[in-house]
Structure formats: C-alpha cells, structure tokens
Amino acid sequence: MNGELKNWAGNHTYKTNLLRQAGSIEEVQSLVKKYPRLKVLGTRHCFNDIADSGGCLISLEGLNKIIALDKERQTVTVEAGVRYGELAVYLHERGYALHNMASLPHISVVGGCATATHGSGIKNGNLSTSVRAMELLTASGELLVLDREKDKEILSGAVVHLGGLGIVTSITLAIEPTYQVQQYVYENLPMGELEHHFEAIMSAGYSVSLFTDWRKKNINEVWIKARVREDGKGEREADFFGATAATQNLHPISDVPAENCTEQMGVPGAWHERLPHFRMGFTPSSGKELQTEYFVPVENAYQAIQAIEQLHEKIAPYLLISEIRCIAADELWMSPCYRQACTALHFTWQQDWPAVRELLPLVEERLAPFHAKPHWGKLFSMRHKDIKRLYTKLPDFQKLLRKYDPRGQFRNEWLDSIVF
C-alpha cells in the first residue's frame, strides 16, 4: 500500500504502510507464517500506538460475517471485522440486543473488547463483560477457542488482551431480548450538586453521561438514557437537581449541530439508536480531536472531579468537551474496572498535541491520589511503573502473553513499554 497510514483522528501515523487484507482464516494463517512482526489494525479509533507495528499491519475487515445466533444460549458469534453498529441492527431485527454500547457504534466488536471500551450505566459492565468465548489464532498458527464454561480463568485474562495475545478471529457475546430507550437531555447542572447527589444523578437512567467544559463549575449537559417500561413510558424527572430540560436536540459540544447525534427529547427508539451518542451513518464526535480518559473508583468520583476542576484555567483553552460516566465492576484482569466500580473522566481535546502533551502529566498528577487508570486506547503519559502499581494481575497477564506468543510476534513498542 502506498502513502502514510493514519488513525481515524489523524493524530497518529503508523510506522509502516505495509497493510495486508485478510478475508479468510487461511489468509490470516498465511500472514502469521510470513511476517515475524505483525499487528491487527481495526477501525483505527485508538489515539496512541497500541495497534502500531514496525512490521506488518493486518486488516480483518473482510472477516465480517455474523456466524451464529444461538437463541438457546442467548449468544451471538461474529467475525473480527464486524462493527457494533452492524451487529446491533442484525440483533434488533431478530428481537435481541446487547446490554450496552459505546458512544460510537463505528468501532469493531473485537477491537472494543480488546481495550475494555465502555458505555455508561452504574450497573453496566464495559463491553468486554459480554464476551462468552473467543477464537484466537496464536503465533504457532494454532486456532484456539477459549470458552467461559471451560476456560473461565484464562478467558478472564484473555478478553482484554491489548492486541498481545494473538489474532482474535471471532468472538461470542451474551445477548438479551431487545428493548426500547428514551433519551432526555438537561442543561446547566451545578457541579456542586455532585457532592451529595452523585450516585442519584448517575443512577437516574439506564445510562447517564455528564458533559462539562470545566468552566463556571457547571455540568453543561446531562444525557439520560432510560429504558422504556412495559407501560410504554420512560423515566423522566421534571426538575433534575437544578438542571433544566433541553428544548431541542443537542450535541455534547455546544457549537456543533446535533444532526450527527442520536435522537433525544424522549422519543422512544431501539436500544442501538439511543445508547450511542452518535449515529452510525454520520461522522462521530468532532473528528479532528485527541482523546484521553481516566478511571477512578466510583466512591472517589466527586473528589477526582474537584481535583480536575482546579485545573480548569489550564484545561479549558484546549478542550472541546469532557464526559463523566460510570461503569460497573468486573473480573477481567486488565480491565480498569477489575473488581472495582469506576467513574470515567473523559477529555476530548483540540488537536494540539504539544499543548495536550504538557497537560497530561498535570491531569495524572491530580488524579494519582485516586489510583486513576488510563484508557488503553487513548493518550496518556503514565508508564510501566505506574501500570504495575495499579494492576495486581499484571504479572499473570505477562505470563499469559508469553505463553501464547513466546517469540513476541505480536509485541510492539507500546506493549514493551507499558505492559512489559
């Protein structure tokens, strides 16, 4: 392939322009035999070099079939190239749903699970918690199936694999009966309300997001996604902790039109048309941007928010918007929510890397007392010594990677510096 390869946001140029397409398991096996160093390149929604390679990059977009819908076991199995938006339509048409979706339906299922990508909801685990099995092509060329019923402990370590375990060729997810969601947006929630009402605010719907630009000690917008009840009505508060109901559809970034966003104003719709913030057929979010996200224990959420608010004068000039969400605890070794429910503090920055690079250590310093963990696919300045302190299962994860990839065929600079 000629020309430079860049990620979706355009902030990262991959070290190689050697991109090979694979449309079958046999083609993937052939590439694994041919190249001593390779990585799978998904939808390119990571902002760092986690998926980069100095050798060969493999695209699995051609592996885009939905393999099986098992109604008895309540699971669906998909190939590695399938995206959440595509899977969601398939499931809904057949009367089924996923428990949650991320802000963007554009990302691949396999890639989202590999990095512990999440949606929101104080009782909802991240997307990886739906995984019931995965088919893995190891460095030896062996196709290995890890199943929750037979390999629960190994699967707990393998699901959030950060691209270092091998090539996931298919994945099986838990599903449930389809459901409807209504989305309500409120404006101008005083940030002080979070001190005593944080849990109530974040529990006001099935999925709740707070958007702030860290100006004026204010939450600009509250997005509440509520499941429609059996009587056909969703949950809506007339007065929401001092915030006022929006009178039209809004974008999280105030000066951006809302046409790319999912329907609001309480209009009922299918789960996959409300849980993401952005519609599948449109450019998500802002486009030219940088993203950072940190996870803190949910009981420390308000203190962490206050710590960031104290940096508002330094942050605000370079910020497009911040989002605050909650995620339930899980048992996945390299998930930021391993045995700890978390609040995620997300930053969508202007695409000014020199400025953001200077800000990240300041943000991480303020969040350090709360044992903040970074999102694997976004920008951060923390290094191995920090990760080692935060992840008790890291030694076990290292052993797992060495077991299935003893020669480091799927290693790269990111894995070497962050994990090893």
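Residues numbered from 1 in each chain as written. Predicted model: local features only at pLDDT ≥ 70, side-chain atom pairs only at ≥ 80, totals over all residues. Heavy atoms only, no water.

(A) How the structure looks around the overall build of the protein chain. Counting secondary structure elements, the protein chain contains 11 helices and 19 strands. Computed over C-alpha atoms, the radius of gyration of the protein chain comes to 21 Å, within 12% of the 22 Å expected from 2.2 N^0.38 for 420 residues, which places it in the range of a compact globule. Over its C-alpha atoms, taken along the principal directions, the protein chain stretches across nearly 60 × 50 × 40 Å. Taking all 420 residues of the protein chain together, the buried fraction comes to 60%. In the protein chain, 71% of the contacts between residues at least 6 apart in sequence involve partners at least 24 apart. Within the protein chain, one finds 46 positive and 50 negative side-chain charges whose respective centroids are separated by 5 Å. (Helix = DSSP H or I, 4+ residues; strand = E, 2+ residues; numbered from the N terminus. Rg over C-alpha atoms; globule rule 2.2 N^0.38 Å. Buried < 20%, exposed > 50% of the residue type's maximum accessible area, 1.4 Å probe, protein only. Contact = heavy atoms within 4.5 Å. Lys, Arg positive; Asp, Glu negative; His and termini not counted. Charge placed at Lys NZ, Arg CZ, Asp CG, Glu CD.)

(B) Representation of the pairing of strand β9 (residues 167-174) in the model. Counted residue by residue, β9 has eight buried out of eight residues, so it is predominantly covered. Bridge count between strand β5 (residues 75-79) and β9: five bridges; the pairing is antiparallel. Across the sheet, Val78 pairs through a bridge with Ile171, a residue of β9. For strand β7 (residues 131-137) and β9, the ladder comprises six bridges, and the chain directions are antiparallel. Across the sheet, the residue bridging to Leu137 is Ile167, located in β9. (Pairing = 2+ DSSP bridges.)

(C) Quick peek at the nonpolar core. The biggest cluster of nonpolar side chains holds 124 residues, and the ones touching the most others in it are Leu87, Leu162, Leu194, Trp271, Phe347 and Trp376. Here the element with the most residues in this core is helix α6 (residues 301-309); it accounts for six residues. Residues in contact with Trp271, not counting those within four places in the same chain, are Ala88, Leu91, His92, Tyr96, Ala97, Leu98, Met101, Thr178, Tyr179, Val181 and Pro276. With 10 residues, the next largest nonpolar core counts Phe211, Trp223, Ala246 and Cys261 among its residues. (Core = buried A, V, L, I, M, F, W, Y, C linked by side-chain atoms within 4.5 Å.)

(D) Focus on the side chain of Thr212. Here Thr212 lies in strand β12 (residues 207-212). Judged by its relative accessible area of 0%, Thr212 is buried. Of the polar contacts made by the side chain of Thr212, one reaches the backbone oxygen of Asn218; its length is 2.8 Å. Every residue in contact with Thr212, bar those within four places of it in the chain, is listed here: Met191, Asn218, Ile219, Asn220, Leu319, Ile321, Ser322 and Ile324. (Polar contact = N/O pair within 3.5 Å; in protein donor to acceptor, adjacent residues only side chain to side chain.)

(E) A look at the environment of Met202. Within the secondary structure layout, Met202 lies in helix α5 (residues 194-202). Remark: the alpha-carbon pair of Met202 and Arg325, spanning 123 residues in sequence, is separated by 7.7 Å. In this structure Met202 touches Ile122, Val208, Leu210, Ile324, Arg325 and Cys326, once residues within four positions along its chain are discounted.

(F) Looking closely at helix α10 (residues 394-404). Taken residue by residue, α10 has Leu394, Phe397, Gln398, Leu400, Leu401 and Tyr404 as its buried positions. When α10 is viewed along its axis, its buried side chains cluster within an angular range of 160 degrees and face the same direction. Facing away from the buried side of α10 by over 90 degrees, the exposed positions are Lys399 and Lys403. Residues of α10 that are buried in the fold lie against β8 (143-147), α4 (152-158), α9 (384-390) and α11 (413-418). (Arc of directions from axis to C-beta.)

(G) Layout of the sheet that holds strand β2 (residues 38-40). Reading across the sheet, the three strands line up as β1-β3-β2 and stay open at both edges, with parallel pairing between neighbours. Of all the strands in the sheet, the pair left with one neighbour each is β1 (19-21) and β2. On average, adjacent strands in this sheet sit at an angle of 30 degrees to one another, irrespective of strand direction. Here β2 runs beside strand β3 (residues 56-59); their pairing, made up of three bridges, is parallel. What sits directly across from Lys39, in β3, is Leu57. On top of the sheet, helix α1 (residues 25-34) reaches β1, β2 and β3; it is set at about 150 degrees to β1, its chief contact. (Axes fitted to C-alpha atoms, helices over the stretch in contact; angles between N-to-C directions.)

(H) Quick look at the pattern of salt bridges. Counted under the stated rule, the structure contains 15 salt bridges. For Asp49, the salt bridge goes to Lys15, with nearest N and O atoms at 3.9 Å. Residue Asp49 is located in the loop between β2 and β3, and its partner Lys15 is located in the segment before β1; the two are separated by 34 residues in the primary sequence. Assessed through its relative accessible area of 46%, Lys15 is described here as partly exposed. (Salt bridge = Lys/Arg side-chain N within 4 Å of Asp/Glu carboxyl O.)

Any functional reading would require information that these geometric values do not contain.
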